[in-house]
Amino acid sequence: MRLGRESDKVEDRRGSGGGGAGRLGLGGLILALVALYFGVDPAVVMQIAGMGGQGSSVSAPASGGAPTDEAGRFVSMVLADTEDTWGPLFAANGRRYEEPVLVLFSGSTRSACGVGQAAMGPFYCPMDRKLYIDLSFYDELKQRYRAPGDFAQAYVIAHEVGHHVQNLLGISAKVQEARQRLSEREGNRLSVRQELQADCLAGVWAYHADRARQILESGDVEEALTAAAAIGDDRLQQQGRGYVVPDSFTHGSSAQRVRWFRTGLEQGSLHACDTFAAGVAVN
């Protein structure tokens, strides 16, 4: 994967005192494990964990400046490439792309959505328009989920940026409002459509970035597809508890995630990513 400049929108909190496993206390750790087991939206768990002060010793956010290590700089370059892609795409539609901030943290950190932990994986907080990632997730992706490679890592960032795009377009707010009126089962289905659209938007980024800057190398697409398949709800549930409960899916199955990333990658169109359209099958 070929990348260029680094973004100036990276906030490195690693080593700032905001990390550390167990900082949420026993209750927070249990909530994190429940989230992983049942496929619950991490933002919901963070809001719950962040509301109660008991047992919490997570430090306030402190910026350590731009990352200087190889892994941190790579993430910064991926973020910069998403900026160089979505900026022109928004401008072509008469809109201004507001670039998100990406926060690097270790263990746990505070966000406007509550306290986030590494165990929850990368996440996007629409309230502060920031992406959060503990880079140990990439070790997990490589070792536990057998999805190595730099483009697999880039796909993870691009997916979270996809959520930022949804936020800017007003999609996230509409989904959140609709979920409040729905049953848990129907709300989960809506969440799946939102997550699959973020996968598709990650593919749209790759489509335009490659045509503008030739970022893709041999094997890159396969890396991303492997990563998308590795973190499907069905595969995670099968690994975690030995069986699958489709009604509890919140992100989509492996096949769904692969399909929608590939749709964005092959068509490069936001219109192709309308997973909410009537009659669109997400399976």
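This text follows the structure it describes.
Residues numbered from 1 in each chain as written. Predicted model: local features only at pLDDT ≥ 70, side-chain atom pairs only at ≥ 80, totals over all residues. Heavy atoms only, no water.

A separate point is the state of the cysteines. Considering all chains together, one arrives at two disulfides under this definition. In this model, Cys113 is linked to Cys125 through a disulfide, with the two sulfur atoms separated by 2.1 Å. Taking the torsion about the S-S bond as the criterion, the Cys113 to Cys125 disulfide, at about 95°, is right-handed. Of this pair, Cys113 sits in the loop between strand 3 (108–111) and strand 4 (114–117) while Cys125 is found in strand 5 (residues 123–125), placing the two residues twelve residues apart along the sequence. Here Cys113 and Cys125 have matching classes, each one buried. (Disulfide = S-S within 2.5 Å. Helix = DSSP H or I, 4+ residues; strand = E, 2+ residues; numbered from the N terminus. Buried < 20%, exposed > 50% of the residue type's maximum accessible area, 1.4 Å probe, protein only.)

This part is about helix 6 (residues 171–179). Considered for burial, the residues of helix 6 that qualify are Ile171, Ser172, Val175 and Ala178. The arc that holds the buried residues of helix 6, viewed along the axis, is 130°, so those residues lie on one side. Its buried side turned inward, helix 6 meets helix 5 (150–168) and helix 7 (184–213). (Arc of directions from axis to C-beta. Contact = heavy atoms within 4.5 Å.)

Let us now look at the packing of helix 8 (residues 220–230) against helix 10 (residues 254–267). Interaxial distance between helix 8 and helix 10 falls to 7 Å at its minimum, and their mutual angle equals 145°. Once helix 8 is placed against helix 10, the crossing between them reads as right-handed. Every residue of helix 10 that contacts helix 8 at Val221, Ala224, Leu225, Ala228 and Ala229 is listed here: Ser254, Arg257, Val258, Phe261, Arg262 and Leu265. Among the residues making up the contact of helix 8 with helix 10, the classes are represented as eight nonpolar, one polar and two charged. (Axes fitted to C-alpha atoms, helices over the stretch in contact; angles between N-to-C directions. Left-handed = near helix turned anticlockwise from the far one by under 90°. Nonpolar A, V, L, I, M, F, W, Y, C, P; charged D, E, K, R; others polar.)

Looking now at the nonpolar core. A general trend in soluble globular proteins is that nonpolar side chains are found buried together. Ranked by internal contacts, the top residues of the largest apolar core, which has 53 residues, are Trp86, Tyr138, Leu141, Phe151, Ile157 and Trp205. Looking at this core, the elements with two or more residues in it are helix 3 (70–92), strand 2 (101–104), strand 6 (130–133), helix 4 (136–143), helix 5, helix 7, helix 8 and helix 10. For this core, the leading source of residues is helix 5, giving ten residues. Grouped together as the second largest cluster of nonpolar side chains are six residues, Val103, Phe105, Cys125 and Tyr132 included. (Core = buried A, V, L, I, M, F, W, Y, C linked by side-chain atoms within 4.5 Å.)

In short, shape yes, function no, at least from these values alone.
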